[in-house]
Each structure stands twice: as structure tokens, then as C-alpha cells.
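Take a look at the letters that make up each chain.
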Amino acid sequence: MINYITPDDIRRCSGHRVAIDVETTGLSWVRNYIIGVGVWCPDVDVYGYIITKTKEPSYETYKALKSLSRDTVVIMHNAKFDCHMMGISPDSWDLIIDTTDLVHIIDSRLPKNAEWVEERFLRTHTKKDYIIRHPYTKIWDWPDDDVAEYCINDCRIEYKFAEVLIPAVCDLDLWDLFLKDMEYLKLLWEVERKGILLDTKFTFDAVELQRKTLKHLEQILMDSVGYEFNWRSTQQLSKAIYADMGIPKPKNPFADKDGVDRSRFADAGKYKSTCTSSFLLTEKVHHPLGELIFAMRESDRLIKVLEGWFLVTDMNKVVHTNFNLTGTRTGRLSSSKPNIQNVPSEARGRFTQSIYTGDTHRTAEYNLRNAFIARPGTVMISTDFKQMEMRMFGILSQDPFMLKSLAAGRDIHGDIAEKVWGTRDEVHREWSKTISFGLIYGMTIGSLMYKLNMPRAEAARVCDQYWKEFPRIKPWLDDVVQECMATGAVHYWSGRLWKEEKQIDMYKGANAQIQGGCADLLSVAALRVRAWIREQNNPNIHILNLVHDEVIVESPIEICLYIARNVAKIMQVPDLFDIPFATDTKIGFTYGSLNKVPKELVADESIIRYDPPPIAPLEMGKDPEFIEIVLDEPEEESQIEEQVY
DNA sequence: ATGCAATGCGCG
DNA sequence: AAAGCGCGCATTGCAT
């Protein structure tokens, strides 16, 4: 169907259920722009497309979309992106339906691209048919009529996705969870839109420094080896630092001290690796160039990360990440372009495969978090949950000792060590940490002995002591697998399902319940923080970033302690679980220089004004029937500035 | 040209 | 190598 409509046709959709889809010149809402908008609205028989390549139709279309009343039910596939492209906050409407999230909630393993969803849930392949008509071309290079037809069809299938998937979500009793996700999506849109200010001078200087450093290190490596080669290639590097330097490559770096390989992979014939990871080189092989290669890879990576930020920075030197609500198996967020959740911190050299060594630091120029700065007149407040996953572990397993220790705000790992082994010295505390996290991750005895660096029998004994002192832990872990076997899924506190049919992977259910439960908790905490921030009526307070157990807020300097106290209090969500989720607060002018605020200063009740949040995201029940969605009365106007594309 | 797996490593 | 969970990104090397 090729049907060109006018902005007035869009206005007719106001107050109805309408699927909207935008066509753009690319996937970056910072750099690209809209070339057209399609709508599908059976309620008022509007099905069509508007070309918005030129200025006037673009602005008129924007105004029409913006005028859609709050009670319009807007259906989109990946709504956050379309809203960015339109320059319209998803919070302009009480209810938006993101069909990718419907898919994700039904089963987090499923792909979300519209082609696949159409094939799987509508049993048609119209979108694919349009695409294969134009091999090797981008949509923005297609003839206008073809784009129009394609876009209108996208709107049509998205509308159908909603019709099919909403009842499915309701059947699973997950409609309230979906509504929470849609509120979260609105929050994420605001966080992305606001972005984080980049210190371009720091970034530029840091690149220069790292380039010089890398050049220097490259020279050392070439001198050591005696010839030039591509050190980024693990194959070439392995040959250079083992064969050509006369250093024997380990047959199996993980063999026991007597040289006997007792691992379950001993006979698998898999020792073909290049053995060039930094961990292996320094911790196992003790290769003389281990530290050098680690430093080279670090500098090389830092350069790429810093350069990447320049590429995604807008004209105001602000970096806008993309939070993906449907990117993970467990329900966590992921972040990309740029990934703001894995920015190298001050702490350095912690090999993921070995026990944390802990005491090394990056100097300021290497601490890339220093590149992100609070806007003039403001500071960053970071509020993170203390031992968040341990807390969730304790709550889910209902272990009385753990709950008591956590509720009292004590050092849980020390407490566990003392209970199990009668001493809380560093060695036993490390054991305790290793085992506790290992359990959360579903570790086996085999890897525990490797982690604790002790023989199997001793590792088994240490583990048994742990089981004995915490009699509920093992049964809880077993119950999770049991539930998964019986129902094909485990349930989080939030209601979210983690599906798994493969028996071999069911041990991961316990971790999913903990990790994903924490993710849903963070989303609720962040939503409450946002609601409270709005009440302050101060346009200079925003949520800037979310990193799994941490919410970062930008706040005017003069009121930052007041903000910090309230955020800390709210995030503890004392009404949701047996014990509150304790928080730590840090404040600073850059992401890399946050300083811990003394507990007494944050917890000073006399200055806290804490009102219960107006939004209780998981309890706002709305009619789950798609056909008869009833919405609340329009609320007050959004405070988001109008954005024009 | 483009896609994919493997390697390596940053974060929680 | 991997062995305990969850991610994203850059590069190499090979396949199409």
C-alpha cells in the first residue's frame, strides 16, 4: 500500500491506538535524521506515510506527532530510538507499547528484529519481501514510493505484534512488569537524551599520551624479539614470544605442580592455543614480556575507546549512550555506542580469571572516567548498592545469618569467614568471597580448587564447611534448578521469567534470579528517584547514568548533599524486602574522581524530607486487555523541553 | 565487500 | 584453554 497522508491525518489518530514507525538516514539519532514517518491506526482508518526530507513537512509532522494527546496508545518497535529520532519524549504519552520489550518479556532468548518477530509471531514475511527487492542498498537510497510502502507495512506488522503479544504477556501475568518496563524506557530516554559532558581536552591529551606510550612500548617489544611483526595478532605474537625467543610454550599452564594434567580437558587435545592472554603470561608462564604486552594492549584499547567517544560526541561535547532494555538474558540493561558501563576505572590489573589482587591503581591520565565531567555548577552523585548481589542472595535463600549480617550493615564476607572458619583474617575472608560469588555464579568444586589454589580434597572440605554453616543455601540452589526443571523457567521477585529448557544450563537459573532480580530492583529504585527529582522542580537535577548497581545523578553543587541524602534513602526501598538495600554515596566533579561521603553525613535524618513516591511502578495495574485499554486521566505536562528535529 | 568465530579485556 | 554469571567492542583471520 502506497498512501501519502498529511499531518492532519496524524492528528486524527489522537486518543487512539496507533503504530508509528520512522525512516531515517542511519542508526545514530545524534548524527542522522528522519526522512519519513508512517502510521497505522485502524481506529480512525489512517494508514499512510509522510515524507519529511525537507524542512517544512518535517516541522509540520513533528507538530502533529507532538499534538497526539496523552491518552494516545503509541505502538513502536524499539520505541526509544524512534522517539529520539522524532525528538519527542515517550513520556508525552501515558502508555507506549514497545513491541521489542513484549518479545523480551515473553522470552529473553528471542531475537527482536522485526523480520524475525514477524516470521515467528505472525507467520508471514512481508518485511523481508520488501527488503529483498532492494539488494545491496540502504533504505534511504530507495525510491520514495518504495520507502513509503515499506514503512507503512512496518507500522502494520508492529500493530499486529501488539495485538498478538499483549495477550501472551497477560497470559503469563506479566502485564504489570511490562508497564514498569515502559516507565523505565521513558526514564532511559531522558538519561540518554541528557547525556554526559565530555572533557574534550582531557580526552585529547589522554590519546596523545597513550599514543606516545604505545609507540615506546612497541619499540621495546620489537627490540626484545628482534624483528617487526603485528603484535595484535595472537598467532604472530605467540610465535614471536615463544618460538623465536626460545621460551618454551606451556603445554598446559593449568597442570598441577607435578606437571600432571588432572583437568577434565586433559585428553581433549585442545592445547593448541596461542597462550598470549596477559593473565597467562604473567601469572602462569611468568613470561618476561607479560607486563609489557599487558601495557601495550591497555594503551591500544584506551586509544580506541577515547577516539570512539570523539566519534559519538554531539556539537555540545555531550556523549549520548544507548541503553538497551532487551539486550540481556537476565533483564539487565546493556549499553552501547558508547558502552558507558565498562569505562576503565581507577582500579587496574584485575584479571578476571584470577583472584582479585586489588591494590593497583591507574594514574589520573589512565583513569578514563575522568573524561566524564559534571556540567558547570554541578557535581555527580553516585549512589550504589552495597553488596547488592549478596543481599539478593540472602533474601532469596532466606538464610537467617546472612540476612542478619546484611541488615546490620556488617561486612558480610568477614562475618561468613568467622562463622565458617572461626577467623576473619584476609585469607579466610578471601575464601569466603570466592565461595559466595562462586555460588552466585554456579561454580563447581573443580573450579573452586583452581580459584582457591588448593587440592580438590581440601577445596571440597572448605566448601562442605560452608554448606554446613549455611544449611539453606544448598537447598535453595537445588530448588531453583527444580523449579526450572518443572516449569521450564525461574521467576524473579519482580515476576520476570527466565526461561530455559536445556538441562545443562539450568544451574544458571540461580544467578539469573539474583542478577536479574537486582536489575529489576535497580529499575524500580531509579524510577522512584526520578519521581522524587521531578518533585523538586529544578531543571538542573538529572539522572546521568545507570551501571547495574549504581545510579549517577547530576546536581547543583549547593544542594548536592540534600539530593544525595534523599536519593540514598529512596534507593534503599525499605518497603520491598525483608531487609533494606544499603547504599554508598560518592560525590565528585568527574566520574573518575568520586569521593565517598561519610555515612553520618548521608544518613543525617534531620535534613531528609522523604515523601513516599507517587509512582509504585510494579503496582500500577492497568487493564491488560489490549482491545479495551483504559488510561488514567492525563497528568501534568511533561517538563521535557520541546525538541525539534 | 561482508559476515562470522575466536581472542582479548574493560565493567558489574 | 577453560573452568563461575551477564554484557560490548576492536582486531585478526578466514569464509563467502
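Model, not experiment: these values are computed from the prediction.

### Quick word on the environment of leucine 594
Then comes step 1: Positionally, leucine 594 belongs in the loop between β16 (583–588) and β17 (595–596).
Then comes step 2: Residues leucine 594 and serine 382 lie 212 residues apart in sequence; the distance between their C-alpha atoms is 7.6 Å.
Then comes step 3: Not counting chain neighbours up to four residues away, the residues in contact with leucine 594 comprise Met380, Ser382, Lys586, Ile587 and Gly588.

### What about the nonpolar core?
Then comes step 1: Within the largest apolar cluster, 171 residues are counted, with the highest numbers of intra-cluster contacts made by Ile20, Ile97, Tyr184, Phe372, Leu546 and Val553.
Then comes step 2: For this core, the element with the most residues is helix α7 (residues 144–171), which contributes 14 residues.
Then comes step 3: With residues near it in sequence (within four places) discarded, valine 553 still touches Val379, Met380, Ile381, Val529, Ile533, Ile541, His542, Ile543, Leu544, Ile563 and Val567.
Then comes step 4: Counting 22 residues, the second largest nonpolar core, distinct from the first, contains Cys275, Leu289, Ile293 and Met296.

### Details of the packing of helix α20 (residues 508–535) against helix α21 (residues 560–571)
When two helices pack together, their arrangement is given by the angle between the helix axes and the distance between those axes.
Then comes step 1: Packing of α20 against α21 brings their axes to within 9 Å, and their N-to-C directions diverge by 140 degrees. One element, α20, and the other, α21, form an angle in the oblique class. Pair α20 / α21 crosses with right-handed handedness. Contacts from Ala525, Arg528, Val529 and Trp532 in α20 reach Tyr562, Ile563, Asn566, Val567, Ile570 and Met571 in α21.

### Describing the sheet that holds strand β7 (residues 318–319)
Within a sheet, each strand pairs with its neighbour through backbone hydrogen bonds, oriented either parallel or antiparallel.
Then comes step 1: Taken in spatial order, the three strands make up an open sheet running β7-β6-β10, and their pairing is antiparallel. Only two strands of the sheet have a single partner each, and these edge strands are β7 and β10 (372–373).
Then comes step 2: Pairing of strand β6 (residues 196–198) with β10 involves two bridges; the strand directions are antiparallel. Bridging across to β10, leucine 198 finds its partner in phenylalanine 372.

### Description of the packing of aromatic side chains
Then comes step 1: Taken as a whole and assessed by the stated rule, the structure comprises 17 aromatic pairs.
Then comes step 2: When the centroid spacing of 5.7 Å and the interplanar angle of 55 degrees are considered together, the rings of phenylalanine 401 and phenylalanine 470 count as tilted. Of the two residues, phenylalanine 401 is situated in helix α14 (residues 400–407) and phenylalanine 470 in the loop between α18 (456–469) and α19 (473–487); the sequence distance between them amounts to 69 residues.
Then comes step 3: Given a relative accessible area of 0%, phenylalanine 470 falls into the buried group.
Then comes step 4: Taken together, the ring pairs connect Phe385, Trp493, Phe577 and Phe581 into an aromatic cluster.
Then comes step 5: Across from the ring centre of phenylalanine 121, 4.6 Å away, lies the NZ or CZ of arginine 120, which sits over that ring.
Then comes step 6: Geometry around phenylalanine 401 places lysine 419 over its ring, the cationic atom sitting 4.9 Å from the centre.

### A short note on helix α13 (residues 388–397)
Then comes step 1: Most of α13 is tucked away, with ten of its ten residues classed as buried.
Then comes step 2: Looking only at α13, the buried set comprises Met388, Glu389, Met390, Arg391, Met392, Phe393, Gly394, Ile395, Leu396 and Ser397.
Then comes step 3: On its buried face, α13 sits against β11 (378–385), α14, α15 (412–421), α16 (426–441), α19 and α20.

### Some thoughts on the pattern of salt bridges
Then comes step 1: Summed over all chains, the structure comprises 44 salt bridges.
Then comes step 2: For aspartate 415, the salt bridge goes to arginine 424, with nearest N and O atoms at 3.1 Å.
Then comes step 3: Exposure remark for aspartate 415: the relative accessible area of 5% places this residue in the buried category.
Then comes step 4: Arginine 424 sits in the partly exposed class, given a relative accessible area of 32%.
Then comes step 5: Arginine 528 is the salt-bridge partner of aspartate 575, the closest N and O atoms lying 2.9 Å from each other. Here the residue aspartate 575 occupies a position in the loop between α21 and β16, and arginine 528 occupies one in helix α20, the gap between them amounting to 47 residues.
Then comes step 6: Relative accessible area serves as the criterion here: at 52%, aspartate 575 is assigned to the exposed category.
Then comes step 7: With a relative accessible area of 5%, arginine 528 lands in the buried category.
Then comes step 8: Among the ionic contacts, a cluster of salt bridges with common partners joins Asp91, Glu183, Lys186, Glu190, Arg530 and Arg534.

### Quick look at the pairing of strand β2 (residues 34–41)
Then comes step 1: Counting buried positions over the eight residues of β2 gives eight, a clear majority of the element.
Then comes step 2: The pairing of strand β1 (residues 17–24) with β2 spans six bridges and is classified as antiparallel. The residue of β2 that forms the bridge with isoleucine 20 is valine 39.
Then comes step 3: When β2 meets strand β3 (residues 46–51), the two strands line up antiparallel, connected through six bridges. Looking across to β3, one finds that valine 39 is bridged to glycine 48.

### Comments concerning the domain arrangement of chain A
Then comes step 1: Under the domain assignment used here, chain A contains domain 1 (7–195), domain 2 (198–319), domain 3 (372–386 + 516–639) and domain 4 (389–512).
Then comes step 2: Taking only C-alpha atoms into account, the centre of domain 2 sits 33 Å from that of domain 4.

### Re the side chain of aspartate 91
Then comes step 1: As for its placement among the helices and strands, aspartate 91 is situated in the loop between α3 (79–86) and β5 (95–98).
Then comes step 2: Here aspartate 91 falls in the buried class, since its relative accessible area comes to 7%.
Then comes step 3: At a separation of 2.8 Å, a polar atom in the side chain of aspartate 91 contacts the side chain of arginine 534.

### Overview of the packing of α13 against α20
Then comes step 1: With their axes 9 Å apart at the nearest point, α13 and α20 run at an angle of 110 degrees to one another. By the angle between their axes, α13 is roughly perpendicular relative to α20. Here α13 contributes Met388, Glu389, Met392, Phe393 and Leu396 to the contact with α20, which in turn contributes Gln513, Ile514, Gln515, Gly517, Cys518, Leu521 and Leu522.
Then comes step 2: For the contact of α13 with α20, the residue count by class is eight nonpolar, three polar and one charged.

Scoring rules and cut-offs
- Residues numbered from 1 in each chain as written.
- Chains lettered and ligands numbered in written order.
- Predicted model: local features only at pLDDT ≥ 70, side-chain atom pairs only at ≥ 80, totals over all residues.
- Heavy atoms only, no water.
- Helix = DSSP H or I, 4+ residues; strand = E, 2+ residues; numbered from the N terminus.
- Contact = heavy atoms within 4.5 Å.
- Core = buried A, V, L, I, M, F, W, Y, C linked by side-chain atoms within 4.5 Å.
- Buried < 20%, exposed > 50% of the residue type's maximum accessible area, 1.4 Å probe, protein only.
- Axes fitted to C-alpha atoms, helices over the stretch in contact; angles between N-to-C directions.
- Parallel < 35°, antiparallel > 145°, perpendicular 65-115°, else oblique.
- Left-handed = near helix turned anticlockwise from the far one by under 90°.
- Pairing = 2+ DSSP bridges.
- Phe/Tyr/Trp six-rings, centres within 6.5 Å; stacked < 30°, edge-to-face > 60°.
- Lys NZ or Arg CZ within 6 Å of the ring centre and 35° of its normal.
- Salt bridge = Lys/Arg side-chain N within 4 Å of Asp/Glu carboxyl O.
- Domains from an automatic or database assignment.
- Polar contact = N/O pair within 3.5 Å; in protein donor to acceptor, adjacent residues only side chain to side chain.
- Nonpolar A, V, L, I, M, F, W, Y, C, P; charged D, E, K, R; others polar.

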